[in-house]
Amino acid sequence: MEELPESVDRHILDHRIVPALKAVRDASGCTLHEAIDIFGVRYEELRRDRPDDFLVSPEEYGRNVYT
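Note that the structure is predicted; figures quoted are calculated from it, not measured. (Residues numbered from 1 in each chain as written. Predicted model: local features only at pLDDT ≥ 70, side-chain atom pairs only at ≥ 80, totals over all residues. Heavy atoms only, no water.)

Asker: Give a detailed account of the packing of helix H1 (residues 6–13) against helix H2 (residues 17–28), specifying residues and quantitative values.
Answerer: In a packed pair of helices, the relevant descriptors are the angle between the two axes and the axis-to-axis distance. It is the contact of H1 with H2, at a shortest axis distance of 8 Å, that shows an interaxial angle of 165°. Overall, the two elements H1 and H2 adopt an arrangement that is roughly antiparallel. Here H1 and H2 pass one another in a crossing that is left-handed. Within the contact between the two elements, H1 uses Ser7, Val8, His11 and Ile12 and H2 uses Pro19, Ala20, Ala23 and Val24. Its residues placed into classes, the contact of H1 with H2 shows six nonpolar, two polar and no charged. (Axes fitted to C-alpha atoms, helices over the stretch in contact; angles between N-to-C directions. Helix = DSSP H or I, 4+ residues; strand = E, 2+ residues; numbered from the N terminus. Parallel < 35°, antiparallel > 145°, perpendicular 65-115°, else oblique. Left-handed = near helix turned anticlockwise from the far one by under 90°. Contact = heavy atoms within 4.5 Å. Nonpolar A, V, L, I, M, F, W, Y, C, P; charged D, E, K, R; others polar.)

Asker: Break down the side chain of His11 for me, citing the residues and quoting the values.
Answerer: By the element assignment, His11 lies in helix H1. Owing to a relative accessible area of 17%, His11 belongs among the buried residues under this scheme. When near neighbours in sequence (up to four residues on either side) are disregarded, His11 contacts Arg16, Pro19, Ala20, Ala23 and Tyr61. (Buried < 20%, exposed > 50% of the residue type's maximum accessible area, 1.4 Å probe, protein only.)

Distances and angles like these do not, on their own, reveal function.
This is how it looks when you write it as structure tokens:
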């Protein structure tokens, strides 16, 4: 995966899903579907490497977000 700006991680950690997707798209020029895939990979990496930095639990994270 290409290098993403730090803002993507910050948005993911702070549970700001839509701004994270926008930042991925802005950085890579990809489609929304591709951004969702990139987001998913980065989310899993951050959950693995920095679990204590998340504001919400994994169960709560995607609640009420429909793509």
